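# Examining the three-dimensional arrangement
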Amino acid sequence: MTGKTIGVSVPRLEDLPLVRGAGRFVDDIHLPGAWEAAFVRSTHAHALIKHVDTAAALALPGVYGVFVLADLLPHVATHLLAVGLPSPSYRQIVDRPILAGEEVVYAGEPIAVVIADNRYIAEDAAGLIEVDYEPLPAVSDIRNALDEAAPRTHRNAPHNLVAEMQLAFGDVDAAFASAPRTRSEQFFLHRGGSHSMEGRGLIAYFDKIDGILTTYNSTQTPHAAKRLLCDILRLEDDKVRVITPDLGGGFGPKLVFYQEEAVVCLAAKLLGNPVKWIEDRREHFISSAQERDQRWDVEIAYDHDGLILGVRGLVLHDHGAYTARGVNVPYGSLSALPLAYEVPTYRMGVKLVLTNTVPVAPVRGAGQPQGIFVIERLLDMMADELGLDRAEIRRRNLVPAEQMPRTKPFVTRGGIKVVMDSGDYPASQQQALDRADWDGFHNRQAAARTDGRYVGLGVANYVEGTGRGPYEPVTVRITNAGKVQVSSGAVAMGQSTKTMLAQIVADQLGHDMDNIAVTTGDTAATTLGFGGFNSRQTVLAGSSAHAAAIKMHDKLIKVSSVLLEVAEEDLEIYGNRVRVKGSDAEVSFAAILQAVSGIPGFRLPDNISPGLEFTEQVVIDPMTYASGSAVAEVEVDIDTGHVAVHRIVFAHDCGRVLHPQIVDGQVLGGIMHGLGNALFERMIYDENGQPITTTFADYLLAGADETPNMELIHLSAPTPLNALGIKGVGESGVLPIPAAVISAVENALSPFGVKITQAPISPPELVALIVAARNRQSVTAS
Amino acid sequence: MLMEADGEAKLLAGGQTLLPVMAFRLAAPAILIDLSGVQELKGISIDDTGVRIGAMTTWRDIEDDQRLRTAAPLVSAAIEHIAHYQIRNRGTIGGSLSHADPAAEMPGVVVACDACLEIVGSNGMRSVPANEFFLGPLTTCLSADEVLTAVRFPPWPATRLWAFEEFAQRRGDFAYAGIALFHETGATGLVENAHIGLIGATSVPRRLGVAEAALNGRRLDGETIAAAAQLASSEADAEDDIHASAAYRKALVGTLLERALKAAAERAEAL
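Residues numbered from 1 in each chain as written. Chains lettered and ligands numbered in written order. Predicted model: local features only at pLDDT ≥ 70, side-chain atom pairs only at ≥ 80, totals over all residues.

### As for the interface of chain B and chain A
- At the interface, twelve residues of chain B touch 15 residues of chain A.
- Considering every element that reaches the side of chain B that touches chain A, the biggest residue donor is helix α12 (residues 246–270) of chain B, with three residues. (Contact = placed C-beta atoms within 7 Å. Helix = DSSP H or I, 4+ residues; strand = E, 2+ residues; numbered from the N terminus.)

Next comes the structure, spelled out in structure tokens:
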């Protein structure tokens, strides 16, 4: 089948295998004789380990090995996972050990591993391992973790401040000194974990003959995993192969390299037998990275027309017990706040706080929803004080379309200038408002209130830096069967990455999706690579695929021109062959490959270079800025606190849309994730650092029953930054949703004057706010 | 078998609670006795003496039995709040009652309905009123050698008014609180025979006797409803937990009772 492959919803490459049960996730991979691992994890948030008794576990039939840190130290170049992104802001280095040695600093930290015939025996044996703990005081709340009297997360650390930094531009203090109006607020924001359907996991085996470690790993970043395995196990980079099979979702935490990955690979090497470890859901709750808490103390200065003059403040950010990624999440929060709007002066500091909890790393959105939440809530409060419509105050402050491209006076965490390259933010908001009947809503709202129903609308805008560089390689080659084989450092974690690459390549090479095969996430297929995060793969890998496919196209035409003795301009690629326009004469890809592969002793045709293979790594340093607007309509039951989200209208610009259905899926999934962050998901630790919400009965996700009517509006302003005009879309859905939903809840409750400065908010918390607001009203009334 | 196992065995009904508990390694019984093959424990019979539901009858079979919508309407109404359909396909009424979670729907319903629980053990069969069956959270009067075989509901008069109200953050979750209510209206138009079963917001499934007393013999007007709701609120013995404060749950009990009374009244108008 040939036809247009870009801009249309061609069938996904991923669908057939998945619906036929031919998907291959890491737990589907059964290496002969593989053993299974189970980890002994700390039951304390903070403790010294006096002794670990493994004798009973080792004696259990079916157990092949038990390792604690001391057993592994002789076999590793380093036992610390130095993974933090570079930043001058660190005040202390707290890298994770591959297993805890003398001290455990969060409940769930791995202490020992058991390798046994199967997981059942491994877990039985793990239960027989006796760890003698000496409990130490723990800190789990960022709000008191920096107090002098607070327990230290690491017993020998000077304090719990791991890093601090600020994002600043303009003379913010002067702006406040002369501002007609100011407002200060405190916000407490929480995000949970990723909860991909498939947890982490890997299977590793070490071939003693060729000395190669191969691991199938459910990771978003196989190339980074390979580099770390080389560093830790003292292996050369041609002796480690990391393969990412089908991924049942990632959403951020799987971009981190974890202790278990090092330990399982090392165990496989030491025991000379394949070893598998599959994370269970409880382990996901207590060991996979999460995003969690931020407290914002923030002030905004503005004039009587509602124009923002400056924003300043300080954020406390939960870092967890170790550095698993670095300072990127709070940097994302700080830089998201002033993007969509004209913020002439800004100074936002952040202190990254160590707590005895699971390390923090990005979850879809990576700090940006929090920054957006804060500015959007402040705009609502300003509108309220000025008696302005909430949409109007945004209209006045949004960066106007005629200023595109618009340089913002700050840089990305990598030091690259923030230039918002394209888009029309006010138009996006207007389209969302129109579709949601913003102007007519107050009539519906008033009518509902006479029935005792409280409905509300809320709006929020976002701008997101997508497509983080510098590059992602793609190789395009023709196989002997005449198929187009595409391989990339990109990782397919459920976002249809293979389809995306195939579409772009097919657009140049015959428009036949069935003739394209794609390999992703295999370090043996591409030497370099970064993987999936930061809404980057379509921008970076897509651009490389496009460039490589064009080179392949040109060479196929050139060689065919020689073989068919026809001018290049008279040739076209169709399916898996090159044909003469308007004639039957054609030559297949397979024949072209044969021709350029050469015959010993003979000249290649017309001195053409050998082979049909092109690798491109298009470097794009500046990020491309996607944008959009969400309007949420909710109904609040004021007695139970139940919030029903009836409708979400979402207008967004991700540049050129390659595949409408996939883009819809990405945005809809993001919206549902955002609903979780607005109303449901909460990773709770008690004051001793014990994780409390470790099942889906206690940690709530937005599910099918909570799904609102969602309407998407696609605006498409192609970016000039890449040849295809594309911007990232994987995270955009989540970004404005908590802000829009909470704004709508507040709007629904406006008769009571309820003000909400947190997300998520639960029914009991909402009822408490309503009761307090009504009490205030009755006091005022009397 | 239970006796032979000497406390080492657990009865396995639908497995919707026991198996997760075992997966979390919170329970590791040496022997599981699967009851799913015991046909005598399954089925629903309805006659002049009321409704009898075998302990191994699944939620799904109860839900699908249209006769129960008039013969035991509170049971039918409660079931759609019990988890999700996949779980209802396997979960059984006997398993849930034996587990005795005060946050589950059916313990509150059987207490509200004055149901009797049929129990068989080494000493033969006995029948225990629901309000004596539940001793505390996850605790029943079943001894180690006994098994719950059926639950028997008394006949349900066609003129009886009833309502089931609960609130969970998401449908299918354990509710913050729930109310299973019925009452009758006498010739004088006054409330009689009020029964209010409390779900959640309590450590043991039980009726709200004070609120019931405040309803019986009164006309069901706004004042009566508000007073009963207030009493139900203070009568609930909720505790603070990570999901809600005691104050929230107690207030919610009042709200739900108010809504249940109104819903029951609307049903009266429809009759």
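### Focus on the sheet that holds strand β11 (residues 201–207) of chain A
Residues and elements named next belong to chain A.
- Taken in spatial order, the seven strands make up an open sheet running β3-β7-β1-β14-β11-β12-β13, and their pairing is mixed. Strands at the two margins of the open sheet, each flanked by one partner only, are β3 (63–68) and β13 (240–243). Between one strand and the next, the sheet's axes are offset by a mean angle of 20°, whatever the strand orientation.
- Sheet strands touched by helix α7 (residues 222–233): β12 (212–217) and β13. Its angle to β13, the strand with the most contacts, is close to 150°. (Pairing = 2+ DSSP bridges. Axes fitted to C-alpha atoms, helices over the stretch in contact; angles between N-to-C directions.)

### Brief notes about helix α17 (residues 589–597) of chain A
All names here are of chain A.
- Three or more residues of α17 are buried, namely Phe589, Ile592, Leu593 and Val596. The buried residues of α17 occupy one face: seen down the axis, they fall within an arc of 100°.
- Residues of α17 that are buried sit in contact with β21 (474–478), α16 (537–564), β25 (577–580) and β26 (586–588). (Buried ≥ 20, exposed ≤ 12 C-beta atoms within 10 Å, placed from the backbone. Arc of directions from axis to C-beta.)

### Some details on the domain arrangement of chain B
All names here are of chain B.
- Segmenting chain B into domains produces domain 1 (38–153) and domain 2 (161–270).
- Distance from the C-alpha centre of domain 1 to the C-alpha centre of domain 2: 21 Å.
- Sorting the residues of the side of domain 1 that touches domain 2 by element identifies α5 (73–79), α8 (105–112) and β7 (134–136) as the ones contributing at least two each.
- The element that contributes the greatest number of residues to the side of domain 1 that touches domain 2 is α8, accounting for six residues.
- Classifying every residue of the side of domain 1 that touches domain 2 by side-chain character gives 13 nonpolar, five polar and one charged. (Domains from an automatic or database assignment. Nonpolar A, V, L, I, M, F, W, Y, C, P; charged D, E, K, R; others polar.)

### Notes on the environment of B:Ala177
Residue and element names in this part refer to chain B.
- Looking at where alanine 177 falls in the secondary structure, it is placed in strand β11 (residues 177–185).
- Using a count of 30 C-beta atoms within 10 Å as the deciding quantity, one classes alanine 177 as buried.
- Considered as a pair, alanine 177 and glycine 200 are 23 residues apart in the sequence and their alpha carbons are 4.5 Å apart.
- With residues near it in sequence (within four places) discarded, alanine 177 still touches Glu166, Phe167, Ile199, Gly200, Ala201, Arg249, Leu252, Val253 and Leu256.

### Focus: the domain arrangement of chain A
All names here are of chain A.
- Taken domain by domain, chain A consists of domain 1 (34–136 + 194–287), domain 2 (292–467 + 621–781) and domain 3 (469–616).
- Just the C-alpha atoms count here: the centres of domain 1 and domain 2 sit 36 Å apart.
- Contact with domain 1, which involves 24 residues of that partner, is made by 26 residues of domain 2.
- The dominant element in the side of domain 1 that touches domain 2, judged by the number of residues it contributes, is helix α9 (residues 281–287), at four residues.

### Details of unusual backbone geometry
Residues and elements named next belong to chain A.
- Following methionine 404, the chain continues to proline 405 via a peptide bond in cis, the omega torsion being -10°.
- Residues glycine 469 and proline 470 are joined by a peptide bond in cis, for which omega reads 10°.
- Here proline 470 shows up in the loop between β20 (454–466) and β21.
- Notably, histidine 195 is not glycine yet its phi reads approximately 55°, a positive angle.
- You will see that phenylalanine 251, though not glycine, has its phi angle at about 60°, which is positive.

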